[in-house]
Amino acid sequence: MDSRIDKVRKVLRTEKADALLVWNSEGSGQPATQWFSGFSGSSSMLLITETKCVLVTDGRYTAQAKREARGFKILISLAQKPTFKILSEIIKGNNVHRMLFDGSVTAYALVEELKSSVTSEGDTSFRKGGIKKLSIELISRKRILQELRVVKDKEEIHLLKKSAEIACRAFTRLLPEIHAGITEKGIAKRLEDLMAEEGAEGIAFPTIVASGKNGALPHARPSDKKIKSGELVTIDFGACFHGYVSDMTRTIAIGKISTRLKKIYEAVRKAQELGCTKAKAGVTGRQIDAVCRDYLTKQGLGKYFAHSTGHGIGMEVHELPIVSSYSDTLLIEGSVITCEPGVYIPNVGGVRIEDALVLTKGGNTNLSKSLSKELLTL
Ligand SMILES: [Mn+2]
């Protein structure tokens, strides 16, 4: 955890700021809080300065915070002493004048409350020190919490691998159970149960199962529709393991499918493989997106590929880096991204294939390589 705190302090120096505030309000900001401190509770306030690490939470989490957030000073908010009051005292006691927060995960209402609370006149704790009003500047650095997590360390890569392996094993067990006549919802439910059996502590996101024409909706919700022979079924799923998520997609055929669907499948498979081959440290998201998109365009399918090629993944399903046609940032070794081109044709169906890749200097490690991408007919 120390190197993570060091990263924050480096940012504080560049930004000439005295503290980073992470507000974890029933989940928002939670992954960052856990990443910095180890604390996995749903509600807390974390403040990191050049010399101190403080975690404020409530009575529900006293024991848990002490156990998980080693290296952090734990303070418990009470009705008589709410979090804002504790924060005001820390700010005052540590000469915090410029405080960073991540505007992309911190509620506007909270920032307003914070402003009025920490700068309010007449606060007794300030009067004692002879200060009537605190002058504090709140600076939003959008996505700073994800930026800090963009390069994964060894332990994180290990957990992402485990999370992917759980999902892969569950899918492998699911396949023999799939046949015409079962519903999309039934498949989704079974896959989620299998992931739990394989060791997932939860699902990364609600499983997508889209069959036949439903496959034309990239993020279709599983329905009561029964899958039929001649259809493609797209299954997009992931597990959560020790706070780290997996995300993968396979499209399978039920019985004999049309030549057109087969051609679409092969085009997506080839595009996805081109993307996987391109992905490595030193290239941009735009370059990976371009190889997939250009290939599909050449096949006359470009206009049916209506989303970006991938996204970063870690403690959140969608995090930095960006893997799309508008990202010119060079990808860094140790980042983990997905590669998931797809084709969605209204009233016909769709195909998506997705793997998560750990970027290395010369290439990448595919976290879902145990799942074949050859068209599987069940
Ligand atoms: Mn994805």
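Residues numbered from 1 in each chain as written. Predicted model: local features only at pLDDT ≥ 70, side-chain atom pairs only at ≥ 80, totals over all residues. Heavy atoms only, no water.

**Student:** How should I be thinking about the domain arrangement of the chain in this particular structure?
**Tutor:** Interface extent is often summarised as the accessible area lost during association of the parts. Under the domain assignment, the chain is made up of domain 1 (2-148) and domain 2 (154-366). Computed from C-alpha atoms alone, the centre-to-centre distance between domain 1 and domain 2 is 37 Å. With 7 residues of domain 1 at the contact, the number on the domain 2 side is 8 residues. Counting the surface lost from both domain 1 and domain 2, the interface buries some 670 Å², and carbon and sulfur atoms represent 59% of this. The largest contributions to the domain 1 side of the interface with domain 2 come from Pro 31, Arg 143 and Gln 146, which together make up 61% of the buried area. The tally of links between domain 1 and domain 2 comes to 1 salt bridge. Here Glu 156 ties to Arg 4 by a salt bridge, and the two come within 4.0 Å at their closest N and O atoms. There are 3 residue pairs in polar contact (both at pLDDT 80 or more) connecting domain 1 and domain 2. Listed by contribution, the elements that provide at least two residues to the side of domain 1 that touches domain 2 are helix H2 (30-37) and helix H7 (144-148). (Domains from an automatic or database assignment. Contact = heavy atoms within 4.5 Å. Buried area = accessible area lost by both parts, 1.4 Å probe. Salt bridge = Lys/Arg side-chain N within 4 Å of Asp/Glu carboxyl O. Polar contact = N/O pair within 3.5 Å; in protein donor to acceptor, adjacent residues only side chain to side chain. Helix = DSSP H or I, 4+ residues; strand = E, 2+ residues; numbered from the N terminus.)

**Student:** Explain the packing of aromatic side chains here, please?
**Tutor:** How two aromatic rings sit relative to each other is given by the distance of their centres and the angle of their planes. Applying the stated criterion across every chain, the model contains 4 aromatic pairs. Relative to Phe 237, the ring of Phe 171 has its centre 5.0 Å away and its plane inclined at 15 degrees; by these criteria the two rings are stacked. On the criterion of sequence distance, the pair formed by Phe 171 in helix H8 (residues 154-174) and Phe 237 in strand E9 (residues 232-237) is long-range, its members being 66 residues apart. As far as burial versus exposure is concerned, Phe 171 and Phe 237 are alike and both buried. Arg 293 extends its terminal NZ or CZ atom over the ring of Phe 305, reaching a point 4.0 Å from the ring centre. (Phe/Tyr/Trp six-rings, centres within 6.5 Å; stacked < 30°, edge-to-face > 60°. Buried < 20%, exposed > 50% of the residue type's maximum accessible area, 1.4 Å probe, protein only. Lys NZ or Arg CZ within 6 Å of the ring centre and 35° of its normal.)

**Student:** What is the right way to look at the side chain of Arg 352 in this model?
**Tutor:** Along the chain, Arg 352 falls in strand E17 (residues 349-352). A polar side-chain atom of Arg 352 sits 2.9 Å from a polar atom in the side chain of Asp 236.

**Student:** Looking at this structure, I do not really get the coordination of the manganese ion. What am I missing?
**Tutor:** Under ideal tetrahedral coordination, the four donors around a metal are separated by 109.5 degrees; under ideal octahedral coordination, the six donors are separated by 90 or 180 degrees. Within the protein, the manganese ion binds to Asp 247 (OD), His 311 (NE2), Glu 340 (OE) and Glu 354 (OE); these donor distances fall in the range 2.0 to 2.3 Å. Each donor residue of the manganese ion lies on one chain, and together they are spaced D-x63-H-x28-E-x13-E. With Glu 340 in the loop between strand E15 (336-339) and strand E16 (342-345) and Glu 354 in the loop between E17 and strand E18 (355-359), the pair connects residues that are 14 residues apart, well separated along the chain. For the residue pair Glu 340 and Glu 354, the accessibility class agrees, reading buried in each case. (Donors = N, O, S within 2.8 Å, 3.2 Å for Na, K, Ca; no water.)

**Student:** Can you walk me through the pattern of salt bridges in this structure?
**Tutor:** Pairs can form between side chains of opposite charge whenever their charged atoms are close. According to the stated counting rule, one finds 28 salt bridges in the structure shown. For Arg 149, the salt bridge goes to Glu 319, with nearest N and O atoms at 2.9 Å. Taken together, the positions of Arg 149 in the loop between H7 and H8 and Glu 319 in strand E14 (residues 319-323) put the pair 170 residues apart, joining distant regions of the chain. Pair check on accessibility: Arg 149 and Glu 319 agree, each one buried. The structure contains a network of salt bridges with shared partners spanning Arg 149, Lys 152, Glu 316 and Glu 319.

**Student:** Which parts of the structure should I look at to understand the side chain of Glu 198?
**Tutor:** Mapping Glu 198 onto the fold places it in the loop between helix H9 (184-197) and strand E7 (202-203). Its relative accessible area of 19% is what places Glu 198 among the buried residues. Discounting residues that sit within four places of it in the chain, Glu 198 has contacts with Ile 166, Arg 169, Ala 170 and Arg 173.

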